[in-house]
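Residue strings, one per chain:
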Amino acid sequence: MKASTSSMPSSAPVAHKAPLPPSSSRSSRIAPHSHIKGLGLNSEGRAITDTAAGGFVGQENAREACGIIVDLVKSRRFSGRALLLVGAPGTGKTALALAVSHELGSKVPFCPMVGSEVYSTEVKKTEVLAESFRRAIGLRIKETKEVYEGEVTEMTPSESENPLSGYGKTISHVVVGLKSVKGTKQLRLDPSIYEAMLKEKIVVGDVIYIEHSGAVKRVGRSDAYASSYDLESETYVPLPKGDVHKRKELVQDVTLGDLDAANARPQGGQDIMSVMGSLVKSGRTEVTEKLRKEVNKVVKGYVDQGVAEVVPGVVFIDEVHMLDIECFTYLNALLESPMAPTVILATNRGNASVRGTQDLVAPHGIPVDLLDRLVFTEPYSKDQVARVLQLRANIEGLKLAEGVRDMLATEGEKTSLRYALQLLAPASIIASINDRSEISLEDVGEMNELFLDAKTSAAMISASEKLKP
Ligand SMILES: Nc1ncnc2c1ncn2[C@@H]1O[C@H](COP(=O)(O)OP(=O)(O)OP(=O)(O)O)[C@@H](O)[C@H]1O
Ligand SMILES: [Mg+2]
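Residues numbered from 1 in each chain as written. Chains lettered and ligands numbered in written order. Predicted model: local features only at pLDDT ≥ 70, side-chain atom pairs only at ≥ 80, totals over all residues. Heavy atoms only, no water.

Peer 1: Explain the overall build of the protein chain to me, please; I cannot follow it from the model alone.
Peer 2: The number of helices and strands found in the protein chain is 16 helices and 17 strands. Within the protein chain, the proportion of its 469 residues that are buried is 41%. Taking all contacts inside the protein chain whose residues are at least 6 apart in sequence as the whole, residues at least 24 apart take part in 67%. Total accessible area computed for the protein chain in this model is approximately 25400 Å², and 53% of it derives from carbon and sulfur atoms. (Helix = DSSP H or I, 4+ residues; strand = E, 2+ residues; numbered from the N terminus. Buried < 20%, exposed > 50% of the residue type's maximum accessible area, 1.4 Å probe, protein only. Contact = heavy atoms within 4.5 Å. Areas by Shrake-Rupley, 256 points an atom, 1.4 Å probe, with all protein chains shown as cover.)

Structure, rendered in structure tokens:
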């Protein structure tokens, strides 16, 4: 992310006048949910309604309910329970789950999947579910280690003739200068550390630490460089306190799923995953139930010693009516295991038969024993559709002429919010074909002739079937 600054002297005034390259986040594809940033709740957990906080309009009850779930998950009091989001298509169930994952932050694992993912020809259905559950259980490992930490002031590899071959040179060692608040140190280090530094893309001005084992970690870019022209995505950190050589508490977040995978394919190396990857001496190359049990045992030992802490996260299963009865019974078993995450399910079905059964009709297509907590998402009013439309238009950088928002909102209320939102992009294309910078009423009219919404098309089909002899 920061490679561009390395070759540029920090005082290069000419470059600053050049037009800014479009930053990667702006030019990236705009996904359907890119306006959703969180649940938009105030400090008391009430939904903020006057602005589209977190990217949400309306749906106050569902948002507040999800806020409570977030608190419960964070305080680890909802493990092993399931929450179902129910509502008509396009009422924001998937968006809510995404907001929950934003609210949980990066420290609490969130593992999303879609019901139909379990139907794979390579992996058993239950295996897919089991893996998702493992990926939703985090492990925070704390250790105190001796490290060298500081801002990199120099990084000079020293080359020597390669005694083994006539061609080229090899690096015999690297000289690294590190600066902290208390002083500076020049270290003469092994070439493998130089390789690790290149791999982490470390340049002068970065704050890093080097463990005794040889693992190198980049913390961020030093504050001192913050004023110079740099990419926005950079994290700036202050100059490390204390001496360069010191004991430091390191915290690593991994999931049980990571540990299973690492132990099934041990890599051999110095970074945390490689070390954690040799917890279990198994020689296996596949994640099996037995391997999981062994990993659990080691993890339990760590927890008992106080080295690690279990952080239960969230599994989100969208379109949960796609699961069949076998999956549901397995899900129940998973929920009862001692290390279970919170499960959030979403569906837009009313009464439906449970997949894999002959005549078992259940609310939402889910066996009743799983349904203890439900959150409903309500359909939107025209005004709410209009506000979401404006939000999306801003994000997609589209201008709407007088009355367009109103017209699309009417359309959205009649069909669904999703349909209205999806009209924006094609309308903007028609506008640009017609040489207009903003979407006008004509563009929307033209598009309405080209595209149909689902309800209209269904009505047309049934009408044409009646005509058949
Ligand atoms: N309250 C809201 N505020 C802002 N945007 C919303 C809101 N509700 C839904 N959206 C947006 O509307 C679109 C459709 O919503 P979403 O995909 O979450 O619906 P869904 O309930 O999951 O539907 P389905 O049952 O078909 O899966 C998305 O782009 C979503 O971000
Ligand atoms: Mg959805």
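Peer 1: Would you explain the confidence of the model for the protein chain in this entry?
Peer 2: Regions with low pLDDT should not have their predicted coordinates read in detail. Across the protein chain, the average pLDDT comes to 82, with 86% of residues at or above 70. Overall, residues 1–28 carries pLDDT values under 50, and its contacts beyond four positions in sequence, including any with other chains, amount to 20 contacts. (pLDDT = per-residue confidence, 0-100.)

Peer 1: Help me understand the site of ligand 1 in this model?
Peer 2: Among the 21 residues in the neighbourhood of ligand 1, the closest are listed as Val57, Gly90, Lys93, Thr94 and Tyr380. His33 is positioned with one of its side-chain polar atoms (N or O) 2.8 Å from an oxygen atom of ligand 1. Contact with the protein chains hides 95% of the accessible area of ligand 1, taken as 630 Å² for the molecule alone. At the level of secondary structure, the elements contributing two or more residues to the shell around ligand 1 comprise α5 (93–104) and α14 (417–433). (Near = heavy atom within 4 Å. Polar contact = N/O pair within 3.5 Å; in protein donor to acceptor, adjacent residues only side chain to side chain.)

Peer 1: Even after reading the chapter, I still don't get the nonpolar core, so can you show me in this structure?
Peer 2: As a rule of thumb, soluble globular proteins bury nonpolar side chains together. Residues Leu129, Ile317, Val320, Leu323, Phe328 and Leu331 are the most contacted members of the largest nonpolar core, which totals 26 residues. Of all the secondary-structure elements, those providing two or more residues to this core are β1 (82–87), β2 (110–114), α6 (125–135), β11 (314–318), α11 (325–336) and β12 (342–347). The residues touching Leu129, leaving out its near neighbours within four places in the chain, are Met113, Val118, Ile317, Cys327, Tyr330, Leu331 and Leu334. (Core = buried A, V, L, I, M, F, W, Y, C linked by side-chain atoms within 4.5 Å.)

Peer 1: Whenever I open this one, α11 confuses me. Can you help?
Peer 2: Given 3.6 residues per turn, any residue in an α-helix points the same way as the ones three and four places further on. Taking 1.5 Å per residue as the helical rise, α11 with its 12 residues ought to reach 16 Å, and the 17 Å between its terminal C-alpha atoms agrees with that figure. Buried within α11 we find Cys327, Phe328, Leu331, Asn332, Leu334 and Leu335. In a view along the axis of α11, the buried residues occupy a sector of 165°, so they form one face of it. Among the exposed residues of α11, those pointing more than 90 degrees away from its buried face are Thr329 and Glu336. For α11, the secondary structure elements touched by its buried residues are β1, α6, β11 and β12. (Expected span 1.5 Å × (residues − 1). Arc of directions from axis to C-beta.)

Peer 1: Which parts of the structure should I look at to understand the pairing of strand β3 (residues 137–161)?
Peer 2: Residues in a regular strand project their side chains so that they alternate between the two faces of the sheet. Examined bridge by bridge, β3 and strand β10 (residues 308–312) share 5 bridges and lie antiparallel to one another. Bridge pairing in β10 places Leu139 opposite Val310. Pairing geometry for β3 and strand β9 (residues 245–255), over 11 bridges, is antiparallel. In the sheet register, Gly138 faces β9, and the bridge partner there is Thr255. Alignment of β3 against strand β6 (residues 206–211), held across 5 bridges, turns out to be antiparallel. Bridge pairing in β6 links Val147 to Glu211. In the sheet, β3 pairs with strand β4 (residues 169–179) via 10 bridges, with the strands oriented antiparallel. Counterpart to Pro157 in the pairing with β4 is Val174. (Pairing = 2+ DSSP bridges.)

Peer 1: How should I be thinking about the layout of surface pockets in this particular structure?
Peer 2: A water-sized probe, rolled over the atoms, reveals where empty space remains. A volume near 550 Å³ is recorded for the second largest pocket. For the second largest pocket, the lining is made up of 30 residues, of which Pro32, His33, Gly90, Arg418 and Leu421 are closest to its centre. When residues of the lining of the second largest pocket are traced back to their parent elements, those giving at least two are α5, β12, α12 (382–395) and α14. In terms of residue count, α14 provides more of the lining of the second largest pocket than any other element does, 5 residues in total. Classifying every residue of the lining of the second largest pocket by side-chain character gives 14 nonpolar, 10 polar and 6 charged. Split by domain, the residues of the lining of the second largest pocket number at least three in each of domain 1 (53–136 + 313–377) and domain 3 (381–467). (1 Å grid on protein atoms, 1.4 Å probe; cavity = no way out; pocket = protein on both sides within 12 Å on 5 of 7 lines; lining within 4 Å. Points joined across faces, edges and corners; volume = space filled by probe spheres on them. Nonpolar A, V, L, I, M, F, W, Y, C, P; charged D, E, K, R; others polar. Domains from an automatic or database assignment.)

Peer 1: What exactly am I supposed to notice about the sheet that holds β1 here?
Peer 2: On the basis of which strands lie adjacent, the open sheet formed by 5 strands has the order β2-β11-β12-β1-β15 and parallel pairing. Sheet topology places β2 and β15 (373–377) at the edges, where each strand pairs with a single neighbour. Neighbour to neighbour, the strand axes of the sheet diverge by 20° on average, direction disregarded. Looking at chain direction, β2 and β11 are connected through 5 bridges and run parallel. Considered in β11, the bridge of Phe110 is made with Val314. Contacts from α5 reach β1, β2, β11, β12 and β15 within the one sheet, and its direction differs from that of β1 by about 140°. Where α6 meets the sheet, its contacts fall on β2, β11 and β12, and the angle it forms with β2 comes to roughly 155°. (Axes fitted to C-alpha atoms, helices over the stretch in contact; angles between N-to-C directions.)

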